[in-house]
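# Close look at the chain arrangement
Residues per chain, in single letters:
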Amino acid sequence: MSEAVAVELPERMDIASAETMHMELEQVLEQGSSIELRGAAVQKLDTAGVQLLASFFTEAEKQHLAVSWHDPSEAIVETFSFLKLTAAVGLDQLAGASE
């Protein structure tokens with residue numbers, strides 16, 4: 001089994017970074033390997049960032065690719081918990097993340 005592709009998420013997951021992040025995440029999906037999202041740096045997550053991550057997880061699931069989190073920031077966990085979307089992005093599997 002191949003090693004997971006690590007993706008460092010930016011400090012701001014917002015409309016300004018959405019296009020760049022979309023292209024990067026699309027390239028990662030094309031590699032066909034499992035993926036590890038590193039979210040410690042994320043301080044701001046707006047609607048565009050939420051939509052981007054949710055659609056990324058949906059597409060990865062369609063392609064039967066495993067996606068895991070490494071140290072998601074408080075901003076990520078709180079935002080997806082507030083929206084009741086932790087299961088949609090795999091955060092429900094982390095200790096302390098709850099809907």
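What comes next concerns the included structure. (Residues numbered from 1 in each chain as written. Predicted model: local features only at pLDDT ≥ 70, side-chain atom pairs only at ≥ 80, totals over all residues. Heavy atoms only, no water.)

### Comments concerning the overall build of the protein
From N to C terminus, the protein includes 3 helices and 5 strands. If you list the helices and strands of the protein from N to C, you get β-β-α-β-β-α-β-α. Across its three principal directions, the C-alpha atoms of the protein cover 35 × 30 × 20 Å. Of the contacts formed within the protein by residues at least 6 apart in sequence, a portion of 70% connects residues at least 24 apart. Carbon and sulfur atoms form 50% of the exposed surface of the protein, whose accessible area is close to 5,900 Å². Taking the average location of the 5 positive side-chain charges in the protein and that of its 17 negative ones, the two points are 6 Å from each other. (Helix = DSSP H or I, 4+ residues; strand = E, 2+ residues; numbered from the N terminus. Contact = heavy atoms within 4.5 Å. Areas by Shrake-Rupley, 256 points an atom, 1.4 Å probe, with all protein chains shown as cover. Lys, Arg positive; Asp, Glu negative; His and termini not counted. Charge placed at Lys NZ, Arg CZ, Asp CG, Glu CD.)

### Some thoughts on the nonpolar core
Generally speaking, nonpolar side chains in soluble globular proteins are found buried as a group. Within the largest apolar cluster, 25 residues are counted, with the highest numbers of intra-cluster contacts made by Leu 9, Ile 35 and Leu 37. Secondary-structure elements contributing two or more residues to this core are strand S1 (5–8), helix H1 (15–31), strand S3 (35–38), helix H2 (47–62), strand S5 (67–70) and helix H3 (74–82). Per-element tally for this core: the top contributor is H2, with 6 residues. (Core = buried A, V, L, I, M, F, W, Y, C linked by side-chain atoms within 4.5 Å. Buried < 20%, exposed > 50% of the residue type's maximum accessible area, 1.4 Å probe, protein only.)

### As for the packing of aromatic side chains
To describe a pair of aromatic rings, one takes the distance between the centres and the angle between the planes. Under the defined criterion, the tally for this structure stands at 2 aromatic pairs. Ring geometry for Phe 57 against Trp 69: centres 6.0 Å apart, planes inclined by 20°, an arrangement best described as stacked. Residue Phe 57 is found in helix H2, and its partner Trp 69 is found in strand S5; the two are separated by 12 residues along the sequence. You can call Trp 69 buried: its relative accessible area is 9%. (Phe/Tyr/Trp six-rings, centres within 6.5 Å; stacked < 30°, edge-to-face > 60°.)

### Observations concerning the pairing of S5
Side chains Val 67 and Trp 69 project from S5 onto a buried face, and the interleaved Ser 68 and His 70 project onto a face without burial. Bridge count for S3 against S5 is 4 bridges, and the pairing is parallel. By the bridge assignment for S5, Glu 36 is matched with Ser 68. (Pairing = 2+ DSSP bridges.)

### Structural notes on a nonpolar patch on the surface
Judged by side-chain polarity, Phe 82, Leu 83 and Leu 85 come together as a nonpolar surface patch covering roughly 300 Å² of accessible area. Within the secondary structure, Leu 85 is located in the segment after H3. Leu 85 sits in the partly exposed class, given a relative accessible area of 30%. (Patch = residues over 30% accessible without salt bridge, like charges linked within 9 Å, V, L, I, M, F, W, Y side chains within 5 Å. Salt bridge = Lys/Arg side-chain N within 4 Å of Asp/Glu carboxyl O.)

### Focus: the pattern of salt bridges
Scanning the model with the defined rule gives 3 salt bridges in all. Between Glu 8 and Arg 38 there is a salt bridge whose closest N-O contact spans 3.5 Å. Of this pair, Glu 8 sits in strand S1 while Arg 38 is found in strand S3, placing the two residues 30 residues apart along the sequence. Classification of Arg 38 as partly exposed rests on a relative accessible area of 30%.

### Concerning H1
Between its first and last C-alpha, H1 extends 25 Å over 17 residues, near the 24 Å set by a 1.5 Å rise per residue. Taken as a whole, H1 carries its principal kink of about 30° at Met 21. Considered for burial, the residues of H1 that qualify are Ser 17, Ala 18, Met 21, Leu 25, Val 28 and Leu 29. Buried residues in H1 make contact with S1, strand S2 (12–13), S3 and H2. Positive phi appears at Gly 32, one or two residues downstream of H1, with a value of about 70°. (Expected span 1.5 Å × (residues − 1). Bend = angle between axes of the 7 residues up to and from the residue.)

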